[in-house]
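# Structural description and commentary
For reference, the chains in residue letters:
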Amino acid sequence: ADGTTYCGRVGHRLSLWPLQFIVEAFFLYLLKMINIKQSYNVLGVMSGTSLDGIDICFATFTKKNRKWNFLIICCETIKYDQYWINNLTNAHKLSGPSIKKLNYKFTTYMASVILEFIKKYKLNNIDFISSHGHTILHKPSQNLTFQIGNISELNKLTNIVVVCDFRTQDIKYGGQGAPLVPIGDLLLFDSYRYCINLGGFSNISIKENSKIIAYDICAVNVVLNHYSRIAGLEFDMDGELSKSGKINTDLLSKLNSISFYNKKNPKSLAIEWVEDKIFPVIDRSNASVQDILRTYIEHISIIISKNIEDSNANILFTGGGVKNKFLLSTLSKKLNKKIELESEEVIDFKEALIFGFLGVLKIRNENNCLKSVTGAKDDHSSGIIFK
C-alpha cells in the first residue's frame, strides 16, 4: 500500500565472479524501479499555529517525465472548538506528563476527524496519511521541536499507514526543522519565483533555477487573531477592524526594529518568540485594539516587502491571511503590484497538500528536507512511518 518494495537479502558466496555481482545489483535495481509507484493517493493533514482547525487534503501525486503533478480531490478544514483552542494555545506551558496526556488525546481526536472525513467523501483508495501534527514546542537553538499527534496510535486508530514527524530528524542534522514546505514549492509550484504563506506565521521560498532558499519572515495570524479575540471576534473578517484603526508610528517603529528581521537565514519562528518579542512590545503601547491591528498589518506588509527583491516576478500568496482583504491590499500597495491569486483550494490547503507530498518523498526514500532551507548538514529524507 505504501509503494515501497521490500526484498529478502540475497546471500553471496565468496566464489561469485565480479560479473555476477554486477548482474545481481542491476537486477535488484530494476526490481526496485519497476515496483516503485509513480502515483499516490494521500491524505495530507495539517494543524497550524493560527488554530483555524485541522486541514485535510486528499490529493493524487503523479510523477511523469521526472516532473511531479498533483490533483486535489477533496479538502476541508475542521474548525477547532473552544476546548481545543484553549488547550492548544496553552500546550507549550504544560509539564511532561500533561503533554503526554494531551498528545494521546489530540491524536485520538485527529483520528476521529480523519475517519469522519473519509466516510463523508467515501474514500477507499488511500495509500497513506501524511500528517504534520500540531507544533507545541519549537526551539531549534536548543535542539528542540515537538509536534503532538505524531504517535503510532494514529495508525492503529485509522488502520491506515501513517507518515509523520517530519521536523525531528532535521533538528538532529543541525537544521531549523523548518520551514518544510519549500520542497513542494520547488517541485509542485515551479512557475513561481516567490512562494509566500500567510498563516500563523509568514514564510517565503525564493527560487533561482533549480535551487531554493526559504525562511520564516514574521508572525501574521497568530498575532492578528490574538488581538481580534480580545475584541470579542474569532478573527478580523476581511480586516474590517484593522481598517478602522490608525497607525501608531511609535509602535510600528519598535516592531520594525526587532532584531530577528536582520538575522540571516536559515531562521524560523514559533509562538514562544511571539510571546517574548511581539506581545510585550504591543501591550506596552496601550493602543486600542483597532490601532494595534492597523499598525501590525502595516508592519507585516513592510517586513514582507523587504524580502522581495523583484516585485515584478511571479509571486504565489497562500494561507488564511489571504482572506484578509485589507492585509492583501496593504501588501499590494507596498509591492506596487496587483496580487494575483490561485484557486481557493490551493490558497487554503497548500500546506496540507505539501505535507502529503513530503510523505510521498519519504515513502520513496527521497529527500524532503533541504539543507539550503533549514541549514541542516545534508539534504535528507525525514519522517517516521507507522504501519
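This text gives an overview of the structure that appears in the document. (Residues numbered from 1 in each chain as written. Predicted model: local features only at pLDDT ≥ 70, side-chain atom pairs only at ≥ 80, totals over all residues. Heavy atoms only, no water.)

Next up on the list: the overall build of the protein chain. Each helix and strand counted, the protein chain has 14 helices and 11 strands in total. Scaling as 2.2 N^0.38, a compact globule of 387 residues should have a C-alpha radius of gyration of about 21 Å, and the protein chain matches this with 22 Å. Counting over 387 residues, the protein chain shows a buried share of 54%. Look at the contacts in the protein chain between residues 6 or more apart in sequence, and 70% of them connect residues 24 or more apart. If you sum the accessible surface of the protein chain, you get close to 18600 Å²; carbon and sulfur atoms cover 52% of it. (Helix = DSSP H or I, 4+ residues; strand = E, 2+ residues; numbered from the N terminus. Rg over C-alpha atoms; globule rule 2.2 N^0.38 Å. Buried < 20%, exposed > 50% of the residue type's maximum accessible area, 1.4 Å probe, protein only. Contact = heavy atoms within 4.5 Å. Areas by Shrake-Rupley, 256 points an atom, 1.4 Å probe, with all protein chains shown as cover.)

Next up on the list: the state of the cysteines. Enumeration over the complete set of coordinates arrives at 0 disulfides. Free cysteine: Cys195, not disulfide-bonded; nearest cysteine sulfur from Cys57 at 16 Å. In this structure Cys195 comes out as buried when scored by relative accessible area, which is 2%. In this structure Cys369 is not part of a disulfide, and its nearest cysteine sulfur, from Cys164, lies 13 Å away. (Disulfide = S-S within 2.5 Å.)

Attention now goes to the pattern of salt bridges. Side chains that carry opposite charge are capable of pairing whenever their charged atoms lie near each other. The final tally for this structure, using the stated rule, is 13 salt bridges. Residue Lys350 is joined to Asp185 by a salt bridge in which the shortest nitrogen-to-oxygen separation is 2.7 Å. Within this pair, whereas Lys350 is found in helix H13 (residues 344-363), its partner Asp185 is found in helix H6 (residues 182-188), the two being separated by 165 residues in sequence. The structure contains a network of salt bridges with shared partners spanning Arg193, Glu208 and Asp310. (Salt bridge = Lys/Arg side-chain N within 4 Å of Asp/Glu carboxyl O.)

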